[in-house]
Amino acid sequence: MSSNIVETVIGAVVLAFAAIFLVFAYRTADVNTSSGGIVLTAAFDNVDGLSVGGDVRMSGIKVGAITAQRLDPKTFRAIVSINLNEDIQLPEDSSAKITSSSLLGDNYLALSAGGSDDMLKDGDKITYTQGAVNIQDLIGQAIFSSGNSKK
C-alpha cells in the first residue's frame, strides 16, 4: 500500500513539471504574436529561408512576425504579410530586407525606418525591399570569378 502512495506522488510531480514546461514553452514561443498591431505587406523577388511565424526585427529587436506568404500570379513576386507590434510606428519610406541571423542560421525580415513624417497604416505596402541573398550562388561566383582573373 505504501508503494502505491509513493507512485501516485511521483506521478503527480511528473505531471506538475510537464504542465510547467508547457506553460514555459507557450510563453517563450510567442504564439500570440498575430493579435493586435498593424498588418503590412511587402513584395520580394526571393524569400528563400523565410517562413511563416518567423521574426520581423528592427535594430536586432523583434517587433513582429511573418503571418503569410503567397505568390503574386501577375508579377511572380513573393508577397509577404507581416504583423507589427501595436507600439511600432513605421514611416512610409521604410525598407524591408531578408537577412540571415548567422552563416547557417534562419532568415528573418529586417526593417529599416525611413525619414518620412507620414506613417504606414494597417494594410499598407512596404515599397522598398531586398530579397534573400543565396550564399551558395555568392560562393560559386567568387570561385569562378577568381579563376577567370588568372587567365
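Only a predicted model underlies this, so the values are computations on that prediction, with no experimental measurement involved.

Colleague: Just checking my understanding: could you explain the overall build of the protein for this structure?
Modeller: The secondary structure content of the protein amounts to two helices and eight strands. Secondary structure elements of the protein, listed N to C terminal, follow the sequence α-β-β-β-β-β-β-β-β-α. Surface exposure of the protein reaches about 10300 Å², of which carbon and sulfur atoms provide 58%. Computing the positive centroid from 11 side-chain charges and the negative centroid from 16, the protein places the two 9 Å apart.

Colleague: Quick question: what am I supposed to make of the side chain of Asp72 here?
Modeller: Position of Asp72 among the secondary structure elements: in the loop between strand 3 (61-71) and strand 4 (78-84). With no salt bridge to any partner, buried Asp72 finds its closest opposite charge in Arg70, at an N-O distance of 5.1 Å.

Colleague: Could you clarify how one ought to interpret the pattern of salt bridges in this entry?
Modeller: One side chain can pair with another of opposite charge once the charged atoms of both are near each other. A full pass over the atoms with the stated rule returns three salt bridges. Residue Asp55 is joined to Arg57 by a salt bridge in which the shortest nitrogen-to-oxygen separation is 3.1 Å. You can call Arg57 partly exposed: its relative accessible area is 23%. Of the charged contacts in the structure, one is a salt bridge between Asp55 and Lys62, with a shortest N-O distance of 3.5 Å. Looking at Asp55, the relative accessible area reads 22%, which means it is partly exposed. Since its relative accessible area comes to 29%, Lys62 is described here as partly exposed. Among the charged side chains, a network of salt bridges with common partners joins Asp55, Arg57 and Lys62.

Colleague: Even after reading the chapter, I still don't get unusual backbone geometry, so can you show me in this structure?
Modeller: Of note in this structure, Ser59 is not a glycine but carries a positive phi near 55°. Unusually for a residue other than glycine, Phe76 sits at a positive phi of about 60°. When you line up the elements, Phe76 lands in the loop between strand 3 and strand 4. On the accessibility criterion, Phe76 (62% relative accessible area) is exposed.

Colleague: Got a minute to help me understand the pairing of strand 5 (residues 95-100) in this structure?
Modeller: Remember that side chains alternate between the two faces of the sheet whenever the strand is regular. Here strand 5 pairs with strand 6 (residues 107-112) via six bridges, running antiparallel. Within strand 6, the position partnered with Ala96 by the bridge is Leu111. Hairpin connection, strand 5 to strand 6: the antiparallel pair is bridged by six residues.

Colleague: Please clarify how a negative patch on the surface should be interpreted in this entry.
Modeller: A cluster of like negative charges, contributed by Glu92, Asp93, Asp117 and Asp118, occupies part of the molecular surface. Here Asp93 shows up in the loop between strand 4 and strand 5. In this structure Asp93 comes out as partly exposed when scored by relative accessible area, which is 32%.

Colleague: Would you mind going over the packing of aromatic side chains with me for this structure?
Modeller: One pair of aromatic rings is described through two measures. These are the centre distance and the angle between the planes. The final tally for this structure, using the stated rule, is zero aromatic pairs. Cation over ring: Arg57 sits above Tyr108, and NZ or CZ is 4.2 Å from the ring centre.

Colleague: What is the right way to look at the sheet that holds strand 2 (residues 55-58) in this model?
Modeller: Taking strand neighbours across the sheet as the criterion, the eight strands line up as 7-1-4-3-2-6-5-8 in an open arrangement whose pairing is mixed. Lying at the two open borders of the sheet, with one neighbouring strand each, are strand 7 (125-126) and strand 8 (128-130). Pairing between strand 1 (residues 38-44) and strand 7: two bridges, direction parallel. Note on strand 7: the bridge partner recorded for Ala42 is Ile126.

Definitions and cut-offs
The numbers attached to residues start from 1 for each chain and follow its sequence in the written order. Only residues with pLDDT of 70 or above have their local features reported here, since the model is predicted, and side-chain atom pairs are shown and tallied only from 80 upward, although totals for entire chains, interfaces and linings are computed over all residues. Hydrogens and waters are ignored; side-chain quantities use all the structure's heavy atoms. Helix and strand definitions here come from DSSP, where helices need a minimum of 4 consecutive H or I residues and strands a minimum of 2 consecutive E residues; each element is numbered from the N-terminal end. Computed by Shrake-Rupley with a 1.4 Å probe, the accessible areas treat only the displayed protein chains as cover when residues are assessed. This count recognises Lys and Arg as positive and Asp and Glu as negative, with His and chain-terminal groups excluded. Taken as the charge location is NZ of Lys, CZ of Arg, CG of Asp or CD of Glu. For the exposure calls, accessible area comes from a 1.4 Å probe over protein chains only, and a residue counts as buried if that area is under 20% of its type's maximum, exposed if over 50%, partly exposed in between. Definition used for salt bridges: Asp or Glu carboxyl oxygen within 4 Å of a side-chain nitrogen of Lys or Arg. Strand pairing follows a simple DSSP-based rule, namely that at least 2 bridges must link the two strands. Patch definition: residues with relative accessible area over 30% and no salt bridge; like charges joined within 9 Å; nonpolar side chains (Val, Leu, Ile, Met, Phe, Trp, Tyr) joined within 5 Å. Two rings from Phe, Tyr or Trp (for Trp, the six-membered ring) form a pair when their centres sit within 6.5 Å of each other. Planes less than 30 degrees apart are called stacked, planes more than 60 degrees apart edge-to-face, and all others tilted. Either the NZ atom of lysine or the CZ atom of arginine qualifies as a charge over a ring when it sits within 6 Å of the ring centre and within 35 degrees of the ring normal.

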